[in-house]
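Read off the chains here:
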Amino acid sequence: MLPVLYSFRRCPYAMRSRYALAELNVYVYLREVVLKSKPPELLLLGGRSTVPQLIDLDGARYPESLDIIFWALARAGDKQKADELWPADSQKRHRIMSWVTYNDHFFKYWLDRYKYADRHPERSEAYYRGRGAVFLSRLEKRLENRVFIAGEARSLADIAIFPFIRQFAAVNPKWFDLSEYTNVKRWLAYFVNSDRFISVVMAKHPAWHAGQENTLYPAT
Ligand SMILES: N[C@@H](CCC(=O)N[C@@H](CS)C(=O)NCC(=O)O)C(=O)O
């Protein structure tokens, strides 16, 4: 038996959780959810039915992607890797979390409007892109003399943020390719072109239904 992860392949929150699980080699049974027809087993849990959502063996429930990442960090066999992603230094932790908070509570807002500009006709797509690009500019500056957000090593900040930048870039890939965000492009490419991302995190799984054979994640 393993904990269960309800996930949706294209969801950036689920992506960051899956990336952390894969990076830390923490195993779960993955249940791919179709958001328009969520499985009754997820709905019957009551309350939040967003994905990602992790149900531990003792029934404890983690309905937030960041909590799933912290859950995985606490269970990682490779403590050095866990320390690298979430360094003990409190100042570093604070900095990492402030980047993640900015992403989740500011950038995401503009990303949604940029992505679905037709649903928000009060402003133009270019306007929403400009508001979102404020974050890209900050990131660009941060990555000027650092490989990753917290320095030379990957941290929780990179893992938690790159799926959202990937979405932003994908709204208009031509615009992103031609943009001046050279460091952001290099940083994003590192994650999205990695074998781990392509063949593990983004591997396709059929929608889960009860009785189906368990899908081990990360796949070995
Ligand atoms: N704060 C949550 C957000 C999760 C979330 O919004 N997931 C979306 C998919 S990307 C979802 O489940 N939407 C369907 C719904 O809200 O019912 C997290 O960090 O996990």
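Remember, it's a predicted structure, so these values are computed and weren't measured experimentally.

**A short note on the domain arrangement of the protein**
Now for step 1: Taken domain by domain, the protein holds domain 1 (4-82 + 202-217) and domain 2 (87-197).
Now for step 2: Averaged C-alpha coordinates put domain 1 and domain 2 at centres separated by 23 Å.
Now for step 3: Between domain 1 and domain 2, the contact holds 15 residues from the first and 17 residues from the second.
Now for step 4: In total, domain 1 and domain 2 occlude about 1,500 Å² of area from one another, counting both sides; carbon and sulfur atoms represent 68% of this.
Now for step 5: Taken together, the connections running from domain 1 to domain 2 amount to three salt bridges.

**Section: unusual backbone geometry**
Comment: phi is negative for the bulk of residues other than glycine, and the bulk of peptide bonds are trans.
Now for step 1: Cis rather than trans, the peptide bond between Val-51 and Pro-52 has omega equal to 0°.
Now for step 2: Relative to the elements of secondary structure, Pro-52 occurs in the loop between α2 (40-43) and β3 (53-55).
Now for step 3: A positive phi angle, close to 55°, is found at Asn-25, a residue other than glycine.
Now for step 4: If you trace the backbone, Asn-25 turns up in the loop between α1 (12-24) and β2 (28-32).

**Considering the packing of aromatic side chains**
By convention here, two paired aromatic rings are described through the distance between centres and the angle between planes.
Now for step 1: Here the structure, examined in full by the defined rule, presents 24 aromatic pairs.
Now for step 2: An angle of 80° between the planes, with centres 6.1 Å apart, marks the rings of Trp-110 and Tyr-127 as edge-to-face. In this pair, Trp-110 is assigned in helix α5 (residues 90-115) and Tyr-127 in helix α6 (residues 125-142), connecting sequence segments 17 residues apart.
Now for step 3: Between Tyr-127 and Tyr-128, the ring centres sit 5.8 Å apart and the planes meet at 75°, which makes this aromatic pair edge-to-face.
Now for step 4: Owing to a relative accessible area of 27%, Tyr-127 belongs among the partly exposed residues under this scheme.
Now for step 5: Linked through ring pairs, Trp-99, Tyr-102, Phe-106, Phe-107, Tyr-114, Phe-135, Phe-168, Trp-175 and Tyr-181 together constitute an aromatic cluster.
Now for step 6: Directly above the aromatic system of Tyr-116 lies the positively charged group of Arg-119, at a separation of 3.9 Å from the ring centroid.
Now for step 7: Here Arg-138 stacks its cationic end above the ring of Trp-99, 5.3 Å away from the centre of that ring.

**Quick look at the sheet that holds β2**
Across a sheet, paired strands are connected by hydrogen bonds in the backbone, their directions being either parallel or antiparallel.
Now for step 1: Read across the sheet, five strands follow the order β4-β3-β1-β2-β5 without closing on themselves; strand pairing throughout is mixed. Each of the sheet's edge strands pairs with one partner strand only, and the pair in question is β4 (61-62) and β5 (216-217).
Now for step 2: For β2 and β5, the ladder comprises two bridges, and the chain directions are antiparallel. By the bridge assignment, Val-28 is partnered in β5 with Tyr-217.

**A short note on the layout of surface pockets**
Now for step 1: Volume-wise, the largest pocket comes out at about 440 Å³.
Now for step 2: Taken together, 17 residues form the lining of the largest pocket, with Cys-11, Pro-12, Leu-35, Lys-115 and Gln-167 sitting closest to its centre.
Now for step 3: Of all the secondary structure elements, the ones that give two or more residues to the lining of the largest pocket are α1, α5 and α7 (156-171).
Now for step 4: Both of domain 1 (4-82 + 202-217) and domain 2 (87-197) provide at least three residues apiece to the lining of the largest pocket.

**Section: α6**
Now for step 1: Over its 18 residues, α6 extends 26 Å from the first C-alpha to the last, a length consistent with the 26 Å expected when each residue adds 1.5 Å.
Now for step 2: The complete set of buried residues in α6 reads Tyr-128, Arg-129, Gly-132, Ala-133, Phe-135, Leu-136, Leu-139, Glu-140 and Arg-142.
Now for step 3: Of the surrounding secondary structure, the elements contacted by the buried residues of α6 are α5, α7, α8 (173-178) and α9 (182-192).

**Re the site of the ligand**
Now for step 1: Around the ligand, the neighbouring residues are Cys-11, Tyr-13, Leu-35, Lys-38, Arg-48, Thr-50, Val-51, Pro-52, Pro-63, Glu-64 and Ser-65.
Now for step 2: The contact in question runs from a nitrogen atom of the ligand to an N or O atom on the backbone of Val-51, over 2.8 Å.
Now for step 3: Within the side chain of Glu-64, an N or O atom sits 2.9 Å from a nitrogen atom of the ligand.
Now for step 4: Contact with the protein chains removes 69% of the 510 Å² of surface that the ligand exposes when unbound.
Now for step 5: The cavity that encloses the ligand is the largest pocket.

**A word on empty space enclosed by the protein**
Now for step 1: Inspection of every chain in the model, using the stated rule, returns one cavity of 30 Å³ or more.
Now for step 2: Put simply, the largest cavity is a space of about 30 Å³.
Now for step 3: Lining the largest cavity, in full, are Ser-7, Arg-9, Arg-18, Leu-30, Glu-32, Val-200, Val-201, Ala-203, His-205 and Tyr-217.
Now for step 4: Listed by contribution, the elements that provide at least two residues to the lining of the largest cavity are β2 and α10 (195-201).
Now for step 5: Class assignment of the residues belonging to the lining of the largest cavity gives a composition of five nonpolar, two polar and three charged.

Cut-offs and rules
Residues numbered from 1 in each chain as written. Predicted model: local features only at pLDDT ≥ 70, side-chain atom pairs only at ≥ 80, totals over all residues. Heavy atoms only, no water. Domains from an automatic or database assignment. Contact = heavy atoms within 4.5 Å. Buried area = accessible area lost by both parts, 1.4 Å probe. Salt bridge = Lys/Arg side-chain N within 4 Å of Asp/Glu carboxyl O. Helix = DSSP H or I, 4+ residues; strand = E, 2+ residues; numbered from the N terminus. Phe/Tyr/Trp six-rings, centres within 6.5 Å; stacked < 30°, edge-to-face > 60°. Buried < 20%, exposed > 50% of the residue type's maximum accessible area, 1.4 Å probe, protein only. Lys NZ or Arg CZ within 6 Å of the ring centre and 35° of its normal. Pairing = 2+ DSSP bridges. 1 Å grid on protein atoms, 1.4 Å probe; cavity = no way out; pocket = protein on both sides within 12 Å on 5 of 7 lines; lining within 4 Å. Points joined across faces, edges and corners; volume = space filled by probe spheres on them. Expected span 1.5 Å × (residues − 1). Near = heavy atom within 4 Å. Polar contact = N/O pair within 3.5 Å; in protein donor to acceptor, adjacent residues only side chain to side chain. Areas by Shrake-Rupley, 256 points an atom, 1.4 Å probe, with all protein chains shown as cover. Sits in = over half its atoms within 2 Å of the grid points. Nonpolar A, V, L, I, M, F, W, Y, C, P; charged D, E, K, R; others polar.

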